[in-house]
Structure formats: C-alpha cells, structure tokens
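Structural features, examined
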Amino acid sequence: MGNARLESIHVHPVKAFRGTAPGEAVVEPWGLAGDRRWMLIDDGGKVVTQRQQARLALAAAELLPGGGLRLSAPGMQPLAVRVPEPAETVPVEIFRDKVQAVPAEDDAAHAWCSAYLGSAVRLVHLDDPATRRPVDPEYALPGETVSFADGYPLLLTSTASLDALNALIAAGDHAGEGPLPMNRFRPNIVVSGTAAWAEDHWSRLAVGDVTFRVAKRCGRCVVTTTDQATAGRGKEPLSTLGRHRRIGGKLVFGQNLVPLTGGTIRVGDRVEILA
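The rules behind these values
- Residues numbered from 1 in each chain as written.
- Predicted model: local features only at pLDDT ≥ 70, side-chain atom pairs only at ≥ 80, totals over all residues.
- Heavy atoms only, no water.
- Pairing = 2+ DSSP bridges.
- Helix = DSSP H or I, 4+ residues; strand = E, 2+ residues; numbered from the N terminus.
- Core = buried A, V, L, I, M, F, W, Y, C linked by side-chain atoms within 4.5 Å.
- Buried < 20%, exposed > 50% of the residue type's maximum accessible area, 1.4 Å probe, protein only.
- Contact = heavy atoms within 4.5 Å.
- Salt bridge = Lys/Arg side-chain N within 4 Å of Asp/Glu carboxyl O.

1. Overview of the sheet that holds strand β18 (residues 263-266)
- The strand order β3-β2-β18 describes an open sheet built from 3 strands, whose pairing is antiparallel. Edge strands, defined here as strands with exactly one partner in the open sheet, are β3 (31-32) and β18.
- As paired elements, strand β2 (residues 24-28) and β18 share 4 bridges and run antiparallel to each other. Looking across to β18, one finds that E24 is bridged to R266.

Listed below in structure tokens is the structure:
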C-alpha cells in the first residue's frame, strides 16, 4: 500500500450539479471547503437531486471568491449568485434529515434553476455547517456534522475498484454500457495505487497530513446509472453491483469518510492506511 496516492479531488458546490476538480482543497470538519453548501428544494422544501432530475448532471456550478457561485447549463445564460447575508432560515428536508437553510437572496437564482428544470425550485445555502446537520448518529462520533452531501462529509473511491467493476460489467448482460467513468459515483477523493476493493477493510487513513476515519460503505442509488455527460440513464452499474457487491442489503461502491483533523490535501499526496 506504500504506492497509494491521491489521484483526484472533486468539489460539487451545488448538490447534484456538475462539480470541479481542483488540484488541492481545504478539509473542514463537515467536508471539503465549498462542497455541497448549496442545493435545490421543491415547493415542499424537499431536496431535488439527479434522482428526480437527471438533467442536473449537465448543469455546472463553480465557486466564486467568498463562496458564491457561477451557474451554467445548456441553453441558459451563466448566472453569478452571491452568498446570502445572514437572514431568516427556512426548513428543508434532505432525505430523512430536517435542516434549516437560507434561500438565495436574488430571485433570479430561483428563476434560473426553475427555468432550466421546467419546474419550480429554490436554491438554498447552508449558512452554518458546524451546527445545522449532524451526521447519522448510528455512525457518528459526538459533534460530527455534514454539509448537504448525502450523509457524510467525504466520499472516497479507488481507481482499482472501478477497474474491477468495469471488468465485471464487461462480462455481464450490459457490457455495451461500460466502461464507466468515475464521475458516475460523484466522489470527493479518488485514490490510486491500491488493490481492488481494499477500501472495504480500512477504518482510518491519512491523505497527506490530514487524517480521516471510515464511517461506513457507500450504498449506491439510481444516480450512478446517469451518464454525467448526456443525462441519459442505463442499467449499470447497479445491475452488476447487485450481483457482486450487495453487502448488508446495499449495493456498495466507495467509503464514506469523516475528517479527524483539518488541513489541505493535494493531488499526488501520499495515502497511508492507518488501521
């Protein structure tokens, strides 16, 4: 495992939008700086993701200085959105969690997102990630919080495991859908130089000078079947994961991480398995 390295970093400023791949990122207690601090909600306050709207795969969000956004999407003029000033929060629902968030100040942001999707949505910001949303207590240590990520501060995947999965897909009923790129799994950090599925057995690791604990394996959903370049949907990888990677009733790929320390991680950093 001495050759394990940080292959790439991925930050998704708006949940479900296309993200960016910076060369380095600051690790905060609730995830990478700027990752999933914004999301869309429907009229009932529930999160809107690629599960309901595959077209979000084609919408891009770039971070601006200060945490604002530049939104872009096919057929839409780019739009800059500033971080809202401290204001009255609204209740939002992200899966089983009820959280307080701050709507974007500019009505143009809500109108832009609604026009792109063809349905009424609002763009909201997580103003205080240190207190708003605890990590699932079944897998958390006291005081751990998370952004608008699905459930945990970071998601780790490995290139070796993707290669192994693609080999299984190639031998299966939907071989024509492969090989799949890593962006199907929307990770935060991608590790190279390991054995396939080695991450199943990790409980603590260091990326450069930053240490993490492994909270749990990541159960995968229909978003992984969404081509992030076209928004089309297929059968893979869920069909193959269902045959080969069904663990604890979930179809799993990757590991959910919680930072134990802060700092900056950089592409090329050494990855050390501590336990």
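2. Digging into the nonpolar core
- One finds V14, F17, L40, L71, V81 and L123 to be the most contacted residues of the largest nonpolar core, which totals 25 residues.
- Those elements that place two or more of their residues in this core are β4 (38-41), β7 (69-72), β8 (79-81) and α1 (107-117).
- Top contributing element to this core by residue count: α1, with 5 residues.
- Excluding residues that lie within four positions of it along the chain, L71 makes contacts with V14, F17, A60, A61, P78, L79, V81, W112, C113 and L123.
- A25, L154, L156 and V271 belong to the second largest nonpolar core, which has 21 residues in total.

3. Things to note about the pattern of salt bridges
- Inspection of every chain in the model, using the stated rule, returns 13 salt bridges.
- Between D136 and R96 there is a salt bridge, and its shortest N-O distance comes to 3.6 Å. Here D136, found in the loop between β11 (122-125) and β12 (154-158), pairs with R96, found in the loop between β9 (90-94) and β10 (97-103); they are 40 residues apart in sequence, far enough to count as distant.
- Since its relative accessible area comes to 22%, D136 is described here as partly exposed.
- One network of salt bridges, in which partners are shared, links K15, R51 and D150.

4. A few points about the environment of R96
- Overall, R96 belongs to the exposed group, its relative accessible area being 74%.
- Counting along the chain gives 55 residues from R96 to G151, while the straight-line C-alpha distance between them is 9.8 Å.

5. Regarding the pairing of strand β15 (residues 210-219)
- With respect to burial, β15 is a largely interior element, 7 of its 10 residues being buried.
- Judged from the 4 bridges that link them, strand β14 (residues 204-207) and β15 form a sheet pairing that is antiparallel. The residue bridging R204 from the neighbouring strand is R213, located in β15.
- Connecting β14 to the next strand, β15, in antiparallel fashion are 2 residues, including G208 with a positive phi near 60°.
- In this sheet, strand β17 (residues 250-259) lies alongside β15 in antiparallel orientation, the contact comprising 6 bridges. Following the sheet pairing, R217 is matched in β17 by Q255.

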